[in-house]
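Here is what each chain is made of, one letter per residue.
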Amino acid sequence: MFKTVEVNTNEKLHSTAFWSVIGITAFILIQKNYEFHFYYMEQFQLFLYNKTFLSDLFFSFGGLSEIISRWLLQFYIYPWAGALITTSLLLSVAVLMNQIAIKISKNRSLILLPILSAIFLFFLHLNHNYYITGTISFIFVLTAFLIYLNIDNYKVKKIIVATLLTVLLFWLAGSVAFLFAIAIIILQLLIDRKHILYSFLPLALIFILAYIGVNSGWIGDYSLVFSPLLYYHHKMTPSPLIYYSWCLFLLLIFLTFVVNDIKISRKLHYFVFICQIVIVSAVIYFLLPKYGQLLSAQYKQLDYYTRMGRFDEIIEESKKPINNLLHAYYLNIALMETDQLGKQFLQFDQKGINGLIPIMNKELASLITLNELNFTLGDIAASQNFAFESNITISKTGSPRLYKRLVQTNLISGDYPVAEKYINLLEQTHYYKEWATNQRHFLYNDMAVENDELLGTKRRGLPAENYLLGATDLIYRMQHLVNADPDNTAAKEYLASVFLFGKQMPLFIELIDKYYNTEEALLNLPERFQEAIIIINENNPTEWDRYKINPLVVSKYEDFKQLFLEKRNNANISNIMYQKYGNTYWFYFMFYN
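Conventions adopted
Residues numbered from 1 in each chain as written. Predicted model: local features only at pLDDT ≥ 70, side-chain atom pairs only at ≥ 80, totals over all residues. Heavy atoms only, no water. Core = buried A, V, L, I, M, F, W, Y, C linked by side-chain atoms within 4.5 Å. Buried < 20%, exposed > 50% of the residue type's maximum accessible area, 1.4 Å probe, protein only. Helix = DSSP H or I, 4+ residues; strand = E, 2+ residues; numbered from the N terminus. Contact = heavy atoms within 4.5 Å. Axes fitted to C-alpha atoms, helices over the stretch in contact; angles between N-to-C directions. Parallel < 35°, antiparallel > 145°, perpendicular 65-115°, else oblique. Nonpolar A, V, L, I, M, F, W, Y, C, P; charged D, E, K, R; others polar. Phe/Tyr/Trp six-rings, centres within 6.5 Å; stacked < 30°, edge-to-face > 60°. Lys NZ or Arg CZ within 6 Å of the ring centre and 35° of its normal. Salt bridge = Lys/Arg side-chain N within 4 Å of Asp/Glu carboxyl O.

Student: What am I meant to see in the nonpolar core here?
Tutor: What tends to happen in soluble globular proteins is that the nonpolar side chains get buried as a cluster. Judged by nonpolar contacts, the single largest core of 188 residues is most densely connected at Phe 138, Phe 145, Phe 249 and Tyr 494. It is helix H4 (residues 81-104) that contributes the most residues to this core, 12 residues altogether. For Phe 138, the contacting residues outside a window of four places in its chain are Val 93, Met 97, Leu 121, Val 176, Leu 179, Ser 245, Trp 246 and Phe 249.

Written out as structure tokens, the structure reads:
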């Protein structure tokens, strides 16, 4: 059917050099711009080194692709690994499609569709609702089609091979078997319409297998057989990009056949090549703002720093402009984890109360943030609840990151059998195995838990009563936490900050009187808190001495008041005061609504 294409050594070298340059360039750019995306994606799938787990996956619809994708995804947590794996997969797609084009056509200039297919898949990889199983399955179908093209032009042999490949793809790679069957029909229409009926046998076989699979419950529904929806989160509306690589593969078969006999000069060959590169660049330029996940890049970076306990780096990153509430949430978590929330109050753009109390919704970013915030505050019941909800949202098998948190919360609360269940699970993973094994000595060992710096501190702060089911108000829960453990600095300073941002001065001074009632506590009171006490007791300066207000703060307030009185009739007074006192609570109290 297709003659072997003679390729001289120079052409091979040029091709190898071209794809090498493409691969290296892609790897560098992906690593530079999406390093934290891969760390974030690692938590979305669970891979267990367990015979039952692997067997269940292997015998599921598209099982081998699923196993390979989960196995690869677990390595995303390592530096460079995510970019390397992604580049390798996408380069494989482009090279295989290019080889198919070469096999069909003598014209070796058609690189546009292979590269575009890889680009569309790359943007899908940036979407956490897309499973890279889809890319691996696509590589399988390209490989199968290339094998089919290399079979001798003998009808019976080709039919047998096509049938076997269809069955294997259906079982091991899922719905790409349907794509394979359509590709065979299109190819047969182009080369030999007399025997077109034979090419419909793989498609007929898929209909039979689909009917059996759906009716037996092995496959959810027919849409998973005849579309790429199998490779996208079933609860989400799929991105249109999920269809593009399939369509481009079929278009590649048609176009390469059409241009098969077109002869072009070397000069025109280079012109066509440059035009295709220009088109690829334009496509990337126009798709990047919509599908490039640019707005979530900083969130993923801050989330990774939080997971790894790199709170100083969050604080350093927050010296740049803070443009969204998610950034403010992570900043405030970092300040609490480093005992700086009070000391650094108003030194950053913390977004007021909105930056302290996250919006309660079912979006994954919100659930994960609430889990981290409540764990930092010591609200272990709430942290566990949000970790559990996040786990359900992420995937059917859950997230290793969140299983780790569930181990911690159950150890703290003393639910050892539940903690042991999650430890058993994580011990079957690659990255979390050692950590999980190290948690075993806490099981059924209250003394070990109580002596641990993290777990013991959190356990001592547990409220005596279970208030979670009856309390959705975060402030109410924080008051219970402070009552349970007056040494919970994070919860105390969190409450104080909320009261000050809300200008709830009676609640603030009540908190100070109740929990900062020793001389040592008052002497170490954060400066912004001292400034608030001066406002509350402005007409009673003798109280300043009782609260041990620093003389330097008192002197600063007198200067503030004098400047304010001098400029009070100036229409630009807020800007004048901001220049010198913009980070004081006095300025916030007077000029922020």
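Read on, since the account is not over.
Student: When you look at unusual backbone geometry in this model, what are you seeing that I'm missing?
Tutor: Across residues other than glycine, the phi torsion is negative in most instances, and most of the peptide bonds are trans. The backbone of Trp 80 sits at a positive phi, close to 75°, despite the residue not being glycine. Note on placement: Trp 80 falls in the loop between helix H3 (63-73) and H4. The exposed category is assigned to Trp 80, whose relative accessible area is 52%. For Lys 503, which is not a glycine, the phi torsion comes out positive at approximately 55°.

Student: Mind showing me how you'd approach the packing of helix H16 (residues 364-377) against helix H24 (residues 489-501) here?
Tutor: Between two packed helices, what matters for the description is the angle formed by their axes and the separation of those axes. Relative orientation of the contacting elements H16 and H24 amounts to 115°, with a least axis distance of 7 Å. Between H16 and H24, the angle is such that the two are roughly perpendicular. In this structure, H16 contributes Leu 373, Thr 376 and Leu 377 to the contact, and H24 contributes Ala 490, Ala 491 and Tyr 494. Of the residues assigned to the contact of H16 with H24, the class counts are five nonpolar, one polar and no charged.

Student: Sorry, what's going on with the side chain of Gln 31 here?
Tutor: Along the chain, Gln 31 turns up in helix H1 (residues 9-41). In contact with Gln 31, other than residues within four places in its own chain, are Trp 80 and Ala 83.

Student: Explain the packing of aromatic side chains here, please?
Tutor: Aromatic ring pairs are reported here in terms of the distance separating the ring centres and the angle at which the planes meet. Summed over all chains, the structure comprises 52 aromatic pairs. These aromatic residues form a ring-pair network of at least three members: Phe 345, Phe 501, Phe 508, Phe 529, Tyr 578, Tyr 585, Phe 587, Tyr 588, Phe 589, Phe 591 and Tyr 592. The lysine or arginine in question, Lys 158, covers the ring of Tyr 148, its NZ or CZ lying 4.1 Å from the ring centre.

Student: I'm lost on the pattern of salt bridges in this one. Help?
Tutor: Side chains that differ in sign of charge can pair as their charged atoms come close. In the structure shown here, the tally under the stated rule is 19 salt bridges. For Arg 70, the salt bridge identified is with Glu 66, shortest N-O distance 2.7 Å. Within this pair, Arg 70 and its partner Glu 66 are both found in helix H3, separated by four residues, close to a single helical turn. The two residues Arg 70 and Glu 66 agree in class, both being buried. Between Asp 349 and Lys 351 there is a salt bridge whose closest N-O contact spans 2.9 Å.

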